[in-house]
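Structural description and commentary
Okay, here's what each chain looks like letter by letter:
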Amino acid sequence: MSNTISKKSPVIISTDPGIDDAVAIALATASDNLDVQLICPVAGNVGLEYTTLNTQKILTFFEKNIRIVPGSRQPLLRQLKDASSVHGKTGMEGYDFPEPTLVPDTSVTAAQAMHEVVTTSEFPVTLIAIGPLTDIALYIHQYHQDLPNIDKVVMMGGALGRGNFGVLSEFNFGSDPEAAKIVFQSGLNLQVVPMEIGRQAKIMPATSAKIKDFGKVGDMFYQLFSKYRGGSFRTGLNMYDALAVALVLVPDIFETVDTTVAIETQGRLTAGASLIDLKGYLHQEANATVAISVDLSAFEDWFVRAIQETNN
Ligand code: RIB
Ligand code: CA
């Protein structure tokens with residue numbers, strides 16, 4: 001697994017904020033080791049209007065002048081089933097953000113914007129995908145010639161076992177199974193953090209209490225966490241998307257395996273299931289590096305430090 005992240009390695013984020021996405025965006029854009037050049041909101045947790053507005057809000061809050069190019073408002077073939085029950089109607093309930101100053105660029109598609117970054121980059125680009133894979137799939141499909149200049153695609157998605165979207169499907173892959181299948185058949189360097197790892201690395205009350213004391217930033221995160229229904233303060237908060245950023249920045253806190261990930265798209269009851277074939281039943285070549293566990297205290301230490309860094 002290519003673990004080094006060069007200071008000059010540009011990053012593109014495809015995201016559906018979403019409270020855990022907001023945290024992941026804050027951590028990625030605050031890191032000295034990442035050069036986030038483009039953020040593409042996609043429909044997922046909530047509709048594209050809200051995921052775009054939420055991206056504008058979070059980048060304005062942290063005073064990050066990063067290009068925002070909205071992507072798809074629907075999955076490739078299926079109807080959007082949002083997660084507003086988890087993230088609230090607007091997708092980022094709980095905090096009264098200042099009026100956004102950043103304006104989204106709607107003159108190009110997300111795929112075109114990704115193509116522009118990748119083809120002008122001096123260094124291979126890391127794509128961080130923390131929502132449905134619709135725009136990543138469209139980009140791969142339309143600009144296949146770009147693939148040699150993509151270092152890796154790091155995704156939060158999939159499930160080793162039962163899902164949170166369907167019986168056997170996780171939200172990001174289950175929302176757009178056809179897109180996920182295109183990505184897993186691309187031959188790219190793919191790294192995956194399945195939902196169980198997010199549940200393993202819950203943000204517990206003591207950590208939330210520490211974050212609350214980090215000034216304006218801590219207050220904002222704490223207010224968002226209070227509305228987030230991906231877990232709770234008491235039982236622990238599932239910061240799924242932050243784990244994808246952690247896999248880029250501190251990969252050594254994870255145990256990973258190279259294995260086959262196949263996406264079911266035909267099953268009337270199982271579409272969106274990610275068959276993470278740890279025992280080789282499918283007899284297919286490995287196509288992804290999958291995190292199967294994380295060092296909890298190392299993640300928590302990193303998470304608190306990284307949140308503090310957003311304060312700088
Ligand atoms: O299953 C969790 C994923 O779905 C996270 O990315 C969360 O933000 C939602 O998009
Ligand atoms: Ca997300």
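Computed from a prediction, not measured in an experiment: that's the story for all the values here.

Looking at where Tyr-50 falls in the secondary structure, it is placed in helix α2 (residues 48-61). Distance in space between the C-alpha atoms of Tyr-50 and Gly-163 is 25 Å, their sequence separation being 113 residues. Ignoring sequence-local partners within four residues, the contact set of Tyr-50 consists of Pro-17, Lys-89 and Thr-90.

Turning our eyes to something else, we now look at the UniProt feature "domain: Inosine/uridine-preferring nucleoside hydrolase" (unreviewed entry) in the protein chain. The UniProt record annotates "domain: Inosine/uridine-preferring nucleoside hydrolase" (unreviewed entry) at residues 11-300. Spanning residues 11-300, this segment combines 36% helix with 18% strand, and its end C-alpha atoms are found 23 Å apart.

Around the calcium ion (ligand 2), the protein contributes the donor atoms Asp-16 (OD), Asp-21 (OD), Asp-21 (OD), Ile-130 (O) and Asp-241 (OD), at 2.2 to 2.5 Å from the metal centre. Counting along the primary sequence, the residues that act as donors to the calcium ion (ligand 2) give the motif D-x4-D-x108-I-x110-D. Of the two residues, Ile-130 is situated in the loop between β4 (125-129) and α5 (134-142) and Asp-241 in helix α11 (residues 240-249); the sequence distance between them amounts to 111 residues. Accessibility expressed as a relative area gives 2% for Ile-130, which makes it buried. When its relative accessible area of 2% is taken as the criterion, Asp-241 is described as buried.

Another aspect to go through is unusual backbone geometry. Backbone geometry places Glu-63, a non-glycine residue, at a positive phi of 55 degrees. Note on placement: Glu-63 falls in the loop between α2 and β3 (67-68). Residue class for Glu-63 comes out exposed when judged on its relative accessible area of 72%. Within the chain, His-283 stands out as a residue other than glycine whose phi angle is a positive 50 degrees. Mapped onto the fold, His-283 is located in the loop between β11 (274-276) and β12 (288-294).

Counting across every chain of the model gives twelve aromatic pairs. Between Phe-61 and Phe-97, the aromatic rings sit 5.8 Å apart at their centres with planes inclined by 80 degrees, giving edge-to-face as the arrangement. Placement of Phe-61 in helix α2 and of Phe-97 in the loop between α3 (84-87) and α4 (110-120) is noted, with a sequence separation of 36 residues between them. Take Phe-61 and Phe-97: they sit in the same class, and that class is buried. Between the NZ or CZ atom of Lys-212 and the centre of the ring of Tyr-222, over which it lies, the distance is 5.0 Å. A cation sits over an aromatic face here: Lys-216 above Phe-61, 4.6 Å from the ring centre.

Let's shift gears to the site of ligand 1. As a matter of local geometry, ligand 1 sits amid Asp-16, Asp-20, Asp-21, Asn-45, Ile-130, Met-156, Asn-164, Glu-170, Phe-171, Asn-172, Tyr-240 and Asp-241. At 3.0 Å, a backbone N or O of Ile-130 approaches an oxygen atom of ligand 1. For ligand 1, an oxygen atom lies 3.0 Å from a polar atom in the side chain of Asn-172. Burial of ligand 1 by the protein amounts to 98% of the accessible area it has alone, namely 280 Å². Of the residues in the shell around ligand 1, the class split is four nonpolar, three polar and five charged.

By secondary structure assignment, the location of Thr-259 is in strand β9 (residues 254-259). Overall, Thr-259 belongs to the buried group, its relative accessible area being 6%. A distance of 3.0 Å separates the side chain of Thr-259 from the backbone oxygen of Asp-277, its partner in a polar contact.

So, on to the sheet that holds strand β5 (residues 150-156). Ordered in space as β3-β2-β1-β4-β5-β6-β12-β9, the eight strands form an open sheet in which the pairing is mixed. Edge positions in the open sheet fall to β3 and β9, since each of these has one partner strand only. Sheet topology note: the β4/β5 ladder contains five bridges and is parallel. Residue Thr-126 lies in a different strand from β5, and its bridge partner there is Lys-152.

Criteria and cut-off values
Residues numbered from 1 in each chain as written. Chains lettered and ligands numbered in written order. Predicted model: local features only at pLDDT ≥ 70, side-chain atom pairs only at ≥ 80, totals over all residues. Heavy atoms only, no water. Helix = DSSP H or I, 4+ residues; strand = E, 2+ residues; numbered from the N terminus. Contact = heavy atoms within 4.5 Å. UniProt positions renumbered as here; feature names shortened; annotations may be inferred. Donors = N, O, S within 2.8 Å, 3.2 Å for Na, K, Ca; no water. Buried < 20%, exposed > 50% of the residue type's maximum accessible area, 1.4 Å probe, protein only. Phe/Tyr/Trp six-rings, centres within 6.5 Å; stacked < 30°, edge-to-face > 60°. Lys NZ or Arg CZ within 6 Å of the ring centre and 35° of its normal. Near = heavy atom within 4 Å. Polar contact = N/O pair within 3.5 Å; in protein donor to acceptor, adjacent residues only side chain to side chain. Areas by Shrake-Rupley, 256 points an atom, 1.4 Å probe, with all protein chains shown as cover. Nonpolar A, V, L, I, M, F, W, Y, C, P; charged D, E, K, R; others polar. Pairing = 2+ DSSP bridges.

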